[in-house]
Amino acid sequence: MPSMLARRDFLALSGGAIAAISRLRPFSASPAYPSAHKFQSLLRIPSLLRPTQSDETTDYYEIEQRQASLEILPGRQTTIWGYQGMFPGPTIKTRQSRRTVIRHTNKLDVPTVVHLHGGATPSDSDGFPTDLILPGRQKTYSYPNDRAATLWYHDHAMDHTGLNIFMGLAGMYIVEGQEERQLPLPRGEYDVPLVLQDRLFSADGALLYRPDPVDGPATDVTLINGTTWPRFDVSACRYRFRILNASNARSFRLALSSRQQFVQIATDGGLLAAPCVAQEIPLAMAERVEVIVDFSVYPLNTTVTVDDQNASLAERSLLQFNVVRKVKDDSEIPDRLAEISAIVPSRATQRRSFVFTRADSSHSETRWSINGKEFDAARAIAEVSANDIELWRLANHTFREKHNVVHPVHLHLANFQILKRNGKPPAPYESGLKDTAALNVGDEVEIAVRFPGYKGKYLFHCHNLEHEDRGMMARFDVH
Ligand code: C2O
Ligand code: CU
Ligand code: CU
């Protein structure tokens, strides 16, 4: 069987890659990042990918997945695997309902798969984990872009997503809505992506992937847009930040050091109906949030940091803003942002329940399961009807661990609304449309899911990549 062969090659190749990176000396107690280096490097903004061709309906792109050597840590070279050799990949920006056709060429030594996270995509372009692009081969993905939101594209290769994303295969993908263009929100240089990823490096700058099957990779530094502890010199006006947690296994709880509140305008699924304010925003793996921060409230030369309230005091500040100039600000935050067509739970045709736990397995290493089953690409655990609404109950029953084990549950294809989190209505930060819901130990979340019209095989899974790679994933089929 060709697919078995492909898979065996795949394991051999990736095994080699793991061995190659773990032979390097790990980096001890972070001497490479003396505090003097903090907030010296300027925040990088990933460049926009240009289409190679456009017509009335479609933009065509070419992406090479290749190895590159970049200066991520000051004075050191790091080998990454990147879309166009970039870390993170280039940002793709398009408009709702314009089609995007992207031809990927795999110039790496490992098979890859590309998934557009948050998109409603026909099954053959959705990046099923066994739909591999073998080294030297190409695959063309086609995206209808039905949904306006901040999405991201990333690797999804069976059993190796954790390594492939850790090495750099992830980028932001922005779909601008029709009505959104009319809103007076900050745009251009005031509309800024922030891709958060934690990593571990060896003393000479190599990325070290040391995954723990429960807690994910060991890491000691957070990168924002591929920059360690960046500084961003801002004007005294409003900015829109599109924040993506692209980490393998780390949850953040974001806050501003000045205690200024974020004005949140969007969730995973796009703009909220109306803005809301939040002092702190929890952001589990794969979740996105969009916020407005108004720097005109600060005198010039004020510094403000974005902090992770989950981190120890010494590690807390991730990014520093420095208010450097005054400008005239034409932006506004409108009271109404978008017309959301609410997912009506009373129209649901089906109820389902999924429990996320360790797998009972004979493996020496921890494996993970959904309803007691590990991922099987050949078996769907739910059959759903296109255009239906369903009520799903998601529960994290991972009680045996010493500490909280978060399972951010992600559905491909369908957006959902959180109806209840542990019996209560959801907090404002997660009351918009979502594609990922964080489950802390013991959490039970009820969601109303709306399936669009596409048919075929899709996935839902935990977005802790080390859990996903070890069984916590399931196929569902749409008929
Ligand atoms: Cu972001 Cu199935 O993944
Ligand atoms: Cu997805
Ligand atoms: Cu998990």
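Everything quoted here is computed from the prediction, not taken from an experiment. (Residues numbered from 1 in each chain as written. Chains lettered and ligands numbered in written order. Predicted model: local features only at pLDDT ≥ 70, side-chain atom pairs only at ≥ 80, totals over all residues. Heavy atoms only, no water.)

Asks: Help me understand the nonpolar core in this model?
Replies: Counting 37 residues, the largest nonpolar core has Ile92 and Tyr173 as the members making the most contacts within it. For this core, the secondary-structure elements that each account for two or more residues are strand 2 (58-70), strand 3 (78-83), strand 6 (114-117), strand 7 (138-143), strand 8 (149-155), helix 2 (161-166), strand 9 (170-176) and strand 13 (221-224). The residues that make up this core include at least three from each of domain 1 (7-181) and domain 2 (188-325). Residues within four places of tyrosine 173 in sequence aside, it is in contact with Ile92, Thr94, Thr100, Ile102, Leu116, Tyr143, Asn145, Ala149, Thr150, Leu151, Trp152 and Tyr153. Listed in part, the 31 residues of the second largest apolar core include Leu394, Ile447, Phe460 and Met472. (Core = buried A, V, L, I, M, F, W, Y, C linked by side-chain atoms within 4.5 Å. Buried < 20%, exposed > 50% of the residue type's maximum accessible area, 1.4 Å probe, protein only. Helix = DSSP H or I, 4+ residues; strand = E, 2+ residues; numbered from the N terminus. Domains from an automatic or database assignment. Contact = heavy atoms within 4.5 Å.)

Asks: Can you help me understand the sheet that holds strand 21 (residues 288-294) in this one?
Replies: Neighbouring strands of a sheet are bound in pairs by backbone hydrogen bonds; such pairs are parallel or else antiparallel. Reading across the sheet, the 7 strands line up as 14-13-10-16-21-18-19 and stay open at both edges, with mixed pairing between neighbours. In this open sheet, the two edge strands, each paired with only one partner strand, are strand 14 (227-228) and strand 19 (270-278). Note that strand 10 (residues 191-199) and strand 16 (residues 238-245) share 6 bridges and pair parallel. Note that in strand 16 the partner of valine 192 across the bridge is phenylalanine 241. (Pairing = 2+ DSSP bridges.)

Asks: Help me understand the domain arrangement of the chain, please; the structure alone is not making it clear to me.
Replies: Interface size is often expressed as the accessible area that is lost when the parts come together. We note that the domain assignment places domain 1 (7-181), domain 2 (188-325) and domain 3 (345-478) within the chain. Listed by partner, the interface residues are 25 residues for domain 1 and 24 residues for domain 3. Summed over both partners, the interface of domain 1 with domain 3 buries about 1,800 Å², with 58% contributed by carbon and sulfur atoms. Joining domain 1 to domain 3, the criterion identifies 0 salt bridges. On the surface where domain 1 and domain 3 come into contact, there are 17 residue pairs in polar contact (both at pLDDT 80 or more). Listing elements by their share of the side of domain 1 that touches domain 3, those giving two or more residues are strand 6, strand 8 and helix 2. Sorting elements by how many residues they give to the side of domain 1 that touches domain 3 places helix 2 first, with 3 residues. Looking at the side of domain 1 that touches domain 3, its residues break down into 9 nonpolar, 12 polar and 4 charged. (Buried area = accessible area lost by both parts, 1.4 Å probe. Salt bridge = Lys/Arg side-chain N within 4 Å of Asp/Glu carboxyl O. Polar contact = N/O pair within 3.5 Å; in protein donor to acceptor, adjacent residues only side chain to side chain. Nonpolar A, V, L, I, M, F, W, Y, C, P; charged D, E, K, R; others polar.)

Asks: Which parts of the structure should I look at to understand the coordination of the copper ion (ligand 2)?
Replies: Ideal values for angles at a metal depend on the geometry: 109.5 degrees with four tetrahedral donors, 90 or 180 degrees with six octahedral donors. Coordination sphere of the copper ion (ligand 2), protein contribution only: His115 (NE2) and His410 (NE2), at 1.9 Å. Residue histidine 115 is located in strand 6, and its partner histidine 410 is located in strand 28 (residues 407-411); the two are separated by 295 residues in the primary sequence. Here histidine 115 matches histidine 410 in class, with each residue buried. (Donors = N, O, S within 2.8 Å, 3.2 Å for Na, K, Ca; no water.)

Asks: Looking at this structure, I do not really get the side chain of threonine 305. What am I missing?
Replies: Mapping threonine 305 onto the fold places it in strand 22 (residues 303-308). Threonine 305 sits in the buried class, given a relative accessible area of 11%. Of the polar contacts made by the side chain of threonine 305, one reaches the side chain of aspartate 307; its length is 2.8 Å. Filtering out sequence-adjacent residues up to four positions away, threonine 305 remains in contact with Phe39, Ala255, Leu256, Ser257, Ser317, Leu319 and Gln320.

Asks: Help me understand the packing of aromatic side chains, please; the structure alone is not making it clear to me.
Replies: Each aromatic ring pair is specified by the distance between its two centres and by the angle formed by the two planes. All told, the structure shown has 22 aromatic pairs when counted by the stated rule. Taking the centre distance of 4.8 Å and the plane angle of 40° together, the rings of tyrosine 83 and tyrosine 153 count as tilted. In this pair, tyrosine 83 is assigned in strand 3 and tyrosine 153 in strand 8, connecting sequence segments 70 residues apart. Side by side, tyrosine 83 and tyrosine 153 carry an identical accessibility label, which is buried. Centroid distance tyrosine 141 to tyrosine 143: 6.4 Å. Interplanar angle 5°. Geometry classified as stacked. Exposure class is identical for tyrosine 141 and tyrosine 143. Each is buried. Through successive ring pairs, a cluster of aromatic residues spans Tyr190, Phe232, Tyr239, Phe241, Phe295, Tyr298 and Phe321. (Phe/Tyr/Trp six-rings, centres within 6.5 Å; stacked < 30°, edge-to-face > 60°.)

Asks: So what exactly am I meant to see when it comes to the environment of lysine 139 here?
Replies: Residue position: lysine 139 is located in strand 7. Residues lysine 139 and asparagine 106, spaced 33 residues apart in sequence, show a C-alpha to C-alpha distance of 8.5 Å. For lysine 139, the residues in contact, after removing those within four places along its chain, are Ile102, Arg103, His104, Asp124 and Ile133. In terms of polar contacts, lysine 139 uses its side chain to reach the backbone carbonyl oxygen of aspartate 124, at 3.1 Å.

Asks: In this structure, what is going on with the coordination of the copper ion (ligand 3)? I would like to understand it.
Replies: Taken together, His407 (ND1), Cys462 (SG) and His467 (ND1) make up the protein donors of the copper ion (ligand 3), found 2.0 to 2.1 Å from the metal. Counting residues between consecutive donors of the copper ion (ligand 3) along the chain gives the motif H-x54-C-x4-H. Pair noted here: histidine 407 is in strand 28 and histidine 467 is in helix 3 (residues 465-468), with a separation of 60 residues, a long-range link. Comparing histidine 407 with histidine 467 shows no difference in burial state: the two are buried.

Asks: What am I meant to see in the pairing of strand 32 (residues 456-462) here?
Replies: The side chains of a regular strand alternate, first on one face of the sheet and then on the other. In terms of burial, strand 32 is largely enclosed, as 5 of its 7 residues are buried. Where strand 28 lies against strand 32, 3 bridges are found, and the strand directions are antiparallel. Bridging across to strand 32, leucine 411 finds its partner in phenylalanine 460.

Asks: For this particular structure, what's the right way to read the sheet that holds strand 25 (residues 368-370)?
Replies: As summarised here, the arrangement of the 5 strands in space is 25-24-27-31-29, forming an open sheet in which the pairing is mixed. Sheet topology places strand 25 and strand 29 (415-421) at the edges, where each strand pairs with a single neighbour. Going across the sheet, the axis of each strand differs from the next one's by a mean of 20°, ignoring polarity. The sheet contact formed by strand 24 (residues 350-358) and strand 27 (residues 389-396) spans 7 bridges and is parallel. Paired with glutamine 350 across the bridge in strand 27 is glutamate 390. (Axes fitted to C-alpha atoms, helices over the stretch in contact; angles between N-to-C directions.)

Asks: Sorry if this is basic, but what is going on with unusual backbone geometry here?
Replies: The omega torsion of the bond from phenylalanine 87 to proline 88 falls at -10°, within 30 degrees of zero and hence cis. Positionally, proline 88 belongs in the loop between strand 3 and strand 4 (92-95). One non-glycine residue, tryptophan 229, adopts positive backbone phi at about 35°. Among the structural elements, tryptophan 229 can be located in the loop between strand 14 and strand 15 (231-235). Of note in the backbone geometry, leucine 413 takes a positive phi value of approximately 70° without being a glycine. Relative to the helices and strands, leucine 413 resides in the loop between strand 28 and strand 29.

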